[in-house]
Amino acid sequence: MVWLTNPYRFGAPPLLVGARRYWRLVGLPTRDSWFYVANMEMAATPAGANLCSGGTPISSLPASMSNAFDGVSSTEWTGIYNSGWTTTNWIGYDFGTDVAIREVRLQASDTSNPAYANAHAFVIQASYDALSWDTVAMIGDGADWATDEWRAYAI
């Protein structure tokens, strides 16, 4: 994992924030026209229990947002960035109450070419109100993905 610039701590590890109700992953454009997340988990500790249950998925593209939390790698949330990509393409979770997240885990999709279509660069953000977001980390993980592969990012 390579840390990209963080507006709060340039070149440093992620900004440690307290508990927030809303957490999201904002995809950044890389080398393909799609950005897939087959499954996303969030935990209070590295390798801890997945906290994404009992709340509500949230997304800038809501049609397939529940796919990122269904535990099935053949379904996914898809962010499209082609020539019209903006940083408004994101997937996240409303926990209903404030929680402190210290790890985000992503699973590659079960598509025919997951290497190019899965997360290579993204921002992790947290919010009290889903209107104003704190950037916790900007992560660039340029390594290609294998089908169904899981990766964990400590924050």
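For the structure, see preceding data.
A few points on the structure. The structure displayed is predicted, hence computed values, not measured ones. (Residues numbered from 1 in each chain as written. Predicted model: local features only at pLDDT ≥ 70, side-chain atom pairs only at ≥ 80, totals over all residues. Heavy atoms only, no water.)

**Re the overall build of the protein**
Quick note on the threshold: Runs of E in the DSSP output that reach at least two residues are strands. Runs of H or I that reach at least four are helices, and both are numbered from the N terminus. For every residue, the accessible area (1.4 Å probe, protein chains only) is compared with the maximum for its type, and the residue is labelled buried under 20%, exposed over 50%, or partly exposed between those bounds. Every accessible area reported is derived by Shrake-Rupley at a probe size of 1.4 Å, with residue values counting cover from the shown protein chains alone.
The number of helices and strands found in the protein is 1 helix and 11 strands. The helix and strand sequence of the protein, counted from the amino end, reads β-β-β-β-β-β-β-β-α-β-β-β. Within the protein, buried positions represent 50% of all 155 residues. Counting only carbon and sulfur atoms, one obtains 55% of the accessible surface of the protein, whose full area is about 6,900 Å².

**Structural notes on the nonpolar core**
The cut-off we apply is this: What is meant by a nonpolar core is a set of buried Ala, Val, Leu, Ile, Met, Phe, Trp, Tyr and Cys residues, joined one to another through side-chain atoms within 4.5 Å.
The biggest cluster of nonpolar side chains holds 29 residues, and the ones touching the most others in it are W23, M40, M42 and L106. Judged by nonpolar contacts, the second largest core, of 8 residues, contains L28, I58, W90 and V123.

**Overview of unusual backbone geometry**
One non-glycine residue, A47, adopts positive backbone phi at about 65 degrees. Within the fold, A47 resides in the loop between β4 (39–43) and β5 (56–59). Relative accessible area serves as the criterion here: at 71%, A47 is assigned to the exposed category. In this structure, D148 is a non-glycine residue whose phi angle is positive, near 65 degrees. On the secondary structure map, D148 appears in the loop between β10 (134–140) and β11 (150–154). On the basis of relative accessible area, D148 is assigned to the partly exposed category, the value being 31%.

So far we have only geometry, and geometry alone does not tell us how the molecule works.
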